[in-house]
Structures are given as structure tokens and as C-alpha cells.
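Okay, here's what each chain looks like letter by letter:
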Amino acid sequence: VLYFLLQVSFLVDEGVSPVLLQLLSCALCGSKVLSGSASAGSSGTTVPGGSSSGQPSGQSKSSTKKSKKEDKEKEREGDGSSGSQEDQLCTALVNQLNKFADKETLIQFLRCFLLESNSSSVRWQAHCLTLHIYR
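What counts as what
- Residues numbered from 1 in each chain as written.
- Predicted model: local features only at pLDDT ≥ 70, side-chain atom pairs only at ≥ 80, totals over all residues.
- Heavy atoms only, no water.
- Core = buried A, V, L, I, M, F, W, Y, C linked by side-chain atoms within 4.5 Å.
- Buried < 20%, exposed > 50% of the residue type's maximum accessible area, 1.4 Å probe, protein only.
- Helix = DSSP H or I, 4+ residues; strand = E, 2+ residues; numbered from the N terminus.
- Contact = heavy atoms within 4.5 Å.
- Axes fitted to C-alpha atoms, helices over the stretch in contact; angles between N-to-C directions.
- Parallel < 35°, antiparallel > 145°, perpendicular 65-115°, else oblique.
- Left-handed = near helix turned anticlockwise from the far one by under 90°.
- Nonpolar A, V, L, I, M, F, W, Y, C, P; charged D, E, K, R; others polar.
- Expected span 1.5 Å × (residues − 1).

Novice: Now, about the nonpolar core: what can you tell me, with residues and values included?
Specialist: By size, the foremost hydrophobic cluster in this structure holds 19 residues, and its most contacted members are Leu-6, Leu-21, Leu-28, Phe-109, Phe-113 and Leu-129. Every element with two or more residues in this core is listed here: helix 1 (2-9), helix 2 (17-29), helix 4 (58-100), helix 5 (103-115) and helix 6 (120-134). Other than its neighbours up to four places away in sequence, Leu-6 contacts Leu-24, Leu-97, Ala-101, Thr-105, Leu-106 and Phe-109.

This is the structure we're talking about:
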């Protein structure tokens, strides 16, 4: 399935390829990608303020900060055995992809996403994925 997603990722439309890159990254990199994309996505969002009701928006900001801290603490607690198990699974999937993917497919993937893509976010997704495959 991973090899199929790799092949299809550079054959489909430019609007679909970031989703396929995200799927590949989630499969091969595990929760490392999810935590990175969640922090990048949350930094661009705005907290709706209570300015129309006359209440300050500081309360909603502090509650989101508290929830983020609690989430980080939960992640730290659960990272012990599940993290090593997830790393082993990711390593096995990368090995499987390297076993089935031929050199031409990987070259075509790199050429399409790292050299010919106009979107910097797609290039960074492909860069992170490629880095994880070859580490």
C-alpha cells in the first residue's frame, strides 16, 4: 500500500498530492508528524475574542494554554513504551518501502516534489518524508 501511495502521489493532481504526502508521512513517521503539523496548524489559528460581548478574550486564551500544557503532559506520560513500539513499526514500514520501491520511482518522487513543485509547503512535506526514509 505504501509503495502504491508513493507512486500515485506524483501522478495525481497537485491538489491531491499534499494529502497523499501527509498520509505517507503519518504512516512512515508516526506521531512525530502529527505533533509537528498540529503545532504548525494551531499557530495560524486565531482564538475568537469576546469583544462584542464586552468580555476580555484573555480568559479563552489562558484556557487554551492550559489545555495545551495538559496535552503535552499526557504525551510525555504515554511516550514510554508506546514510543519505542511506534518507532519499531515505522522502521519496519520504511524498510518495506525501501524493499519494494525501485530507484526510478524514488527519483521521480524526488524530482516531482523537491525540484518541480511550486508550493513550498509541499516541498517541505516531501523533504521531511525523504529525510525520514533515508535516516
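Moving on from the coordinates now.
Novice: An account of the environment of Lys-99 is needed here, citing residue identities and associated values.
Specialist: Relative to the elements of secondary structure, Lys-99 occurs in helix 4. As for Lys-99 and Tyr-3, which are separated by 96 residues in sequence, their C-alpha atoms are 9.6 Å apart.

Novice: I'd like a description of the packing of helix 1 against helix 5, backed by residues and values.
Specialist: In the contact formed by helix 1 and helix 5, the axes pass within 9 Å of each other and the chain directions differ by 45°. The pairing of helix 1 with helix 5 is recorded here as oblique in orientation. In terms of crossing hand, the pair formed by helix 1 and helix 5 is left-handed. Contacts between helix 1 and helix 5 involve Tyr-3, Leu-6, Gln-7 and Ser-9 on the former and, on the latter, Thr-105, Leu-106, Phe-109 and Phe-113. For the contact of helix 1 with helix 5, the class distribution of residues is 5 nonpolar, 3 polar and no charged.

Novice: Lay out helix 5 in plain terms, naming residues and giving numbers.
Specialist: If you check helix 5, its first and last C-alpha atoms are 17 Å apart, about what 13 residues at 1.5 Å a residue would give, namely 18 Å. Packed against the buried residues of helix 5 are helix 1, helix 2 and helix 6.

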